[in-house]
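As a plain string of letters, each chain reads:
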Amino acid sequence: MTSPRTFLQTLFRTLPLHVLAAVAVVGGAAVVYSATVSTRGTWAVLGSWSLTALYVVIALVGGVVAGVLDAARQTMERLEQSLRDWLHTLPALRTTAETAGRDLSTVRQEYETLVDHYVAQAGHRLRLPHWLEKLIRAALRGVVVNRFIASCTERGIHLVAPQDFRNWLLAEGVSLGFMPVLDQLSWWRYLLLGLLIILATIALTLAWLAS
C-alpha cells in the first residue's frame, strides 16, 4: 500500500493552481480595466495600474489561503480514510468477563486519550501543521466521544465494551467527527474564491462602463 501524501506534498500540488487561477482571473480583470482607461490621461493610467497592482496582491494572498485550505481539506479526507483503515485492522474483541462492559461515566477520558493518540500518530505520518492537528483533535474529542456517550445514554446503555466504541466509530462516529471540520474548511475556501470573483466582476464592470 502506498503511503498517503503528506500535507506539504498536497500543498505543493494545490497551491500553484490556486495562485495561478486567482491571479489570472482577478489580475486579468484589472488589466482589462487598465487597458480600457489607458487613453484617458496620466492620472487615470496611474490610478488604473495602482488598482491592478492591488488586485494582483489580493489575488496572490487569496490564492495562497485558498490553496492552504484546499490542501488541509484533502489531507483531512486522507486522515479520515486512514482512521477507517486502522479501525478495520483492529481485532474484533470477544465479550468476556473482563471486557463485558464498563460504566459509561468512566470511559470518556480513556476514549479521548485514544483519539488523541491516533491523531498524534497520523499527524506525524502526514506531517500535519500544528494548527490543523489542533483543529482535528478538538473536533474529534468534542464531537466523537460526546456523541458516542450521548448515543449510549439515549439508548439506555450504561455499560460499554471496547468493541462498542470501535463499531460505533466505523458505523458513524468517524464521519460525524470529520464532517464539521471538512465543511468549515470548504466553506471558507468557497467564500474566499467568491470574494475574488466579485472583485474581478467589479473590475470588468468598471471597464465596461468606461468603454
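Structural notes, computed from the coordinates.

Conventions adopted
Residues numbered from 1 in each chain as written. Predicted model: local features only at pLDDT ≥ 70, side-chain atom pairs only at ≥ 80, totals over all residues. Heavy atoms only, no water. Helix = DSSP H or I, 4+ residues; strand = E, 2+ residues; numbered from the N terminus. Rg over C-alpha atoms; globule rule 2.2 N^0.38 Å. Buried < 20%, exposed > 50% of the residue type's maximum accessible area, 1.4 Å probe, protein only. Contact = heavy atoms within 4.5 Å. Areas by Shrake-Rupley, 256 points an atom, 1.4 Å probe, with all protein chains shown as cover. Lys, Arg positive; Asp, Glu negative; His and termini not counted. Charge placed at Lys NZ, Arg CZ, Asp CG, Glu CD. Expected span 1.5 Å × (residues − 1). Arc of directions from axis to C-beta. Salt bridge = Lys/Arg side-chain N within 4 Å of Asp/Glu carboxyl O. Patch = residues over 30% accessible without salt bridge, like charges linked within 9 Å, V, L, I, M, F, W, Y side chains within 5 Å. Axes fitted to C-alpha atoms, helices over the stretch in contact; angles between N-to-C directions. Left-handed = near helix turned anticlockwise from the far one by under 90°. Nonpolar A, V, L, I, M, F, W, Y, C, P; charged D, E, K, R; others polar.

What about the overall build of the chain?
- A count of helices and strands for the chain gives 5 helices and 2 strands.
- For the chain, the succession of helices and strands along the chain, N to C, is α-α-β-α-α-β-α.
- Its C-alpha radius of gyration of 25 Å places the chain more than 25% over the 17 Å reference for a compact globule of 211 residues.
- Overall size of the chain, expressed as C-alpha extent along the three principal axes, is 90 × 35 × 20 Å.
- Split into buried and exposed, the 211 residues of the chain put 38% on the buried side.
- Of the contacts made within the chain by residues no fewer than 6 positions apart, 85% connect residues no fewer than 24 positions apart.
- Counting only carbon and sulfur atoms, one obtains 65% of the accessible surface of the chain, whose full area is about 12000 Å².
- Averaging the locations of the 18 positively and 14 negatively charged side chains of the chain gives two centres separated by 9 Å.

Section: helix H3 (residues 108-126)
- If you check H3, its first and last C-alpha atoms are 27 Å apart, about what 19 residues at 1.5 Å a residue would give, namely 27 Å.
- Within the sequence span of H3, burial applies to Tyr111, Glu112, Val115, Asp116, Tyr118, Val119, Ala122, Gly123 and Leu126. Down the axis, H3 shows its buried residues gathered within 165° of arc, on one side only. Opposite the buried face of H3, at more than 90 degrees from it, the exposed residues are Gln109 and His124.
- Immediately beyond the C-terminal end of H3, within one or two residues, lies Arg127, with a positive phi of roughly 55°.

Structural notes on helix H4 (residues 130-154)
- Here H4 is 25 residues long and its end C-alpha atoms lie 35 Å apart, about the 36 Å a rise of 1.5 Å per residue gives.
- Among the residues of H4, Leu132, Glu133, Ile136, Ala139, Leu140, Val144, Val145, Phe148, Ile149, Ser151 and Cys152 are the ones counted as buried.
- Directly after H4, the chain includes Gly156, whose backbone phi takes a positive value near 75°.

Digging into the pattern of salt bridges
- Counted according to the given criterion, the structure contains 3 salt bridges.
- The residue Asp70 makes a salt bridge to Arg189 at a minimum N-O spacing of 3.8 Å. Pair noted here: Asp70 is in helix H2 (residues 42-89) and Arg189 is in helix H5 (residues 162-210), with a separation of 119 residues, a long-range link. Arg189 carries the same exposure label as Asp70, and that label is buried.
- Salt bridges sharing common partners tie together Asp70, Arg73, Glu77 and Arg189.

Re a nonpolar patch on the surface
- There is a patch of nonpolar side chains on the surface, built from Trp187, Trp188, Leu191, Leu195, Ile198, Ile202, Leu206, Trp208 and Leu209 and spanning about 960 Å² of accessible area.
- Tracing the chain through its elements places Leu209 in helix H5.
- Relative accessible area serves as the criterion here: at 57%, Leu209 is assigned to the exposed category.

Quick word on the packing of H3 against H4
- It is at 10 Å that the axes of H3 and H4 come closest, and there the two elements cross at 150°. In the crossing of H3 with H4, the sense of the turn from one axis to the other is right-handed. On H4, the residues that touch Arg108, Tyr111, Glu112, Val115, Asp116, Val119, Ala120 and Gly123 of H3 are Glu133, Ile136, Arg137, Leu140, Arg141, Val145, Asn146, Phe148 and Ile149.
- Considering only residue class, the contact of H3 with H4 consists of 9 nonpolar, 2 polar and 6 charged.

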